[in-house]
Amino acid sequence: MKKIFVTAISALLVVTNLSAAGNTVKGKVIKYPLNVRAGAGMKYTALLQLDKDYEVEITGVGKGWMTIKPPENTRVWVQKEYIRNGKLTNSVNFRSGPGTGYETVGIGRRGTKVAVHGKATPSGWIQITAPENVTLYIGSPAVAADKKALAKLPKFKVPTGKPLPNEELINLEGNFVSAGKDITVNGYVYAESQSHLKSVSHVFYEPVGDEDLTPRYLVMPNNVKLDKFKDKKVRLIGESYKVKGWKLPLLIVKIARAAE
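Residues numbered from 1 in each chain as written. Predicted model: local features only at pLDDT ≥ 70, side-chain atom pairs only at ≥ 80, totals over all residues. Heavy atoms only, no water.

The next subject is the overall build of the protein chain. If you tally the helices and strands in the protein chain, you get two helices and 21 strands. Expressed as a percentage of the 260 residues in the protein chain, the buried residues total 45%. For the protein chain, the exposed surface amounts to about 14700 Å²; the carbon and sulfur share of it is 48%. (Helix = DSSP H or I, 4+ residues; strand = E, 2+ residues; numbered from the N terminus. Buried < 20%, exposed > 50% of the residue type's maximum accessible area, 1.4 Å probe, protein only. Areas by Shrake-Rupley, 256 points an atom, 1.4 Å probe, with all protein chains shown as cover.)

All chains considered together, the criterion is met by four aromatic pairs. Ring geometry for F176 and Y241: centres 4.2 Å apart, planes at 15°, overall stacked. Within this pair, whereas F176 is found in the loop between α2 (167-173) and β17 (181-191), its partner Y241 is found in strand β20 (residues 234-241), the two being separated by 65 residues in sequence. Considering the side-chain rings of Y190 and Y205, the 5.7 Å spacing of their centres and the 70° angle between planes classify their relative orientation as edge-to-face. Highlighted residues: Y190 in strand β17 and Y205 in strand β18 (residues 202-208), separated in sequence by 15 residues. (Phe/Tyr/Trp six-rings, centres within 6.5 Å; stacked < 30°, edge-to-face > 60°.)

Bringing the pairing of strand β19 (residues 212-220) into the picture now. When you tally the buried positions in β19, you get seven out of nine residues, the bulk of the element. Relative to β19, β18 runs antiparallel, the two being bridged by seven bridges. By the bridge assignment for β19, H202 is matched with V219. Following β18, the chain reverses through three residues before pairing antiparallel with β19; G209 in that reversal takes a positive phi of roughly 70°. Bridging between β19 and strand β21 (residues 250-258) involves three bridges; their strand directions are parallel. Across the sheet, residue V219 finds its bridge partner in β21, namely L251. (Pairing = 2+ DSSP bridges.)

On to the pairing of strand β6 (residues 55-62), then. Pairing of strand β3 (residues 24-29) with β6 involves four bridges; the strand directions are antiparallel. What sits directly across from K28, in β6, is E55. Hairpin connection from β6 to strand β7 (residues 65-68): two residues lie between these consecutive antiparallel strands, with G64 at a positive phi of about 80°.

What follows is about the nonpolar core. Counting residues in hydrophobic clusters, the biggest one holds 32 residues, and the most contacted among them are I58, F94 and I138. Counting residues per element, this core draws most heavily on β6, which supplies three residues. By size, the runner-up hydrophobic cluster in this structure holds 17 residues, among which are F176, Y205, M220 and L248. (Core = buried A, V, L, I, M, F, W, Y, C linked by side-chain atoms within 4.5 Å.)

Going through the model one piece at a time under the given rule, you end up with three salt bridges. With a closest N to O distance of 2.7 Å, R216 and E206 form a salt bridge. You can see R216 sitting in strand β19 and its partner E206 sitting in strand β18, a full ten residues away along the chain. A relative accessible area of 32% means that E206 is categorised as partly exposed. A salt bridge links E239 to K254; its shortest N-O distance comes to 3.3 Å. (Salt bridge = Lys/Arg side-chain N within 4 Å of Asp/Glu carboxyl O.)

Moving on, we come to the environment of L218. Assignment of secondary structure puts L218 in strand β19. Sequence separation between L218 and P249 is 31 residues, and the spatial gap between their C-alpha atoms is 6.3 Å.

The next thing to look at is the environment of Y241. Assessed through its relative accessible area of 2%, Y241 is described here as buried. Along the sequence, Y241 and L251 sit ten residues apart, while their C-alpha atoms lie 6.6 Å from each other. In this structure the side chain of Y241 is engaged in a polar contact, spanning 2.7 Å, whose partner is the side chain of E239. (Polar contact = N/O pair within 3.5 Å; in protein donor to acceptor, adjacent residues only side chain to side chain.)

For the protein chain, mean pLDDT is 87; residues scoring 70 or higher make up 89% of the total. Considering only residues more than four positions removed or in separate chains, one finds that residues 1-21, a stretch of pLDDT under 50, has 66 contacts. (pLDDT = per-residue confidence, 0-100. Contact = heavy atoms within 4.5 Å.)

For the rest of this paragraph, the subject is unusual backbone geometry. Here the bond from Y32 into P33 is cis, since omega is -5°, no more than 30 degrees from zero. Assignment of secondary structure puts P33 in the loop between β3 and β4 (34-37). Phi angles above zero are rare outside glycine, and N85 is one such case at about 55°. Positive phi is not limited to glycine here, since D231 has a value of about 65°.

Here it is, written out as structure tokens:
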């Protein structure tokens, strides 16, 4: 039977004559200030506000909502490590805020040129000018546009499920004091009951010698099921972060599988 050495775990815790232009329809803001959001719903992150008569390019319509191209000066977030000499070095998700808890609003491909603004956060996220492929949302009643032209645009279904962002993860990311580090570890995971953060569900223990285990990470499964690995050696692949006020770093798991 392996001995488990447990250390104390701290937890922190938008009316004029408007016409279609290509695959878009031009509209003007009539109810303002108008929040531009990362999703079709009031609970999605607001990236910016538009004033009266601001012209938007509408790309799609849904019940009560429209998709638009990013307005001028819209900024999104990306991990700084994937930017070099003003270009993306890998395919990345553009997000509505500085962390994986925020909504994905587009995808950047390797080699894409980006304009960076400001400094990176302690966890390694930085703002860039939103590329054209970023999709954002506004409420339909706030915009005047040609109804016949709108009818020709693509339709989308407004989601009915729980919207993003992941507020608990965002709160965590606001306390990260290091950039994310990709890691792969082999060991054991056991349920954690001391933390009041629901998303931190397990502790990862690393084998020490032949008989002992020592705690190394607090674990956030991120939609990965870990209970089936109880008392079984597991390989976890994900990102680790140091968190303000925590004695153990956080491991956000992307993949979990049995370890040999």
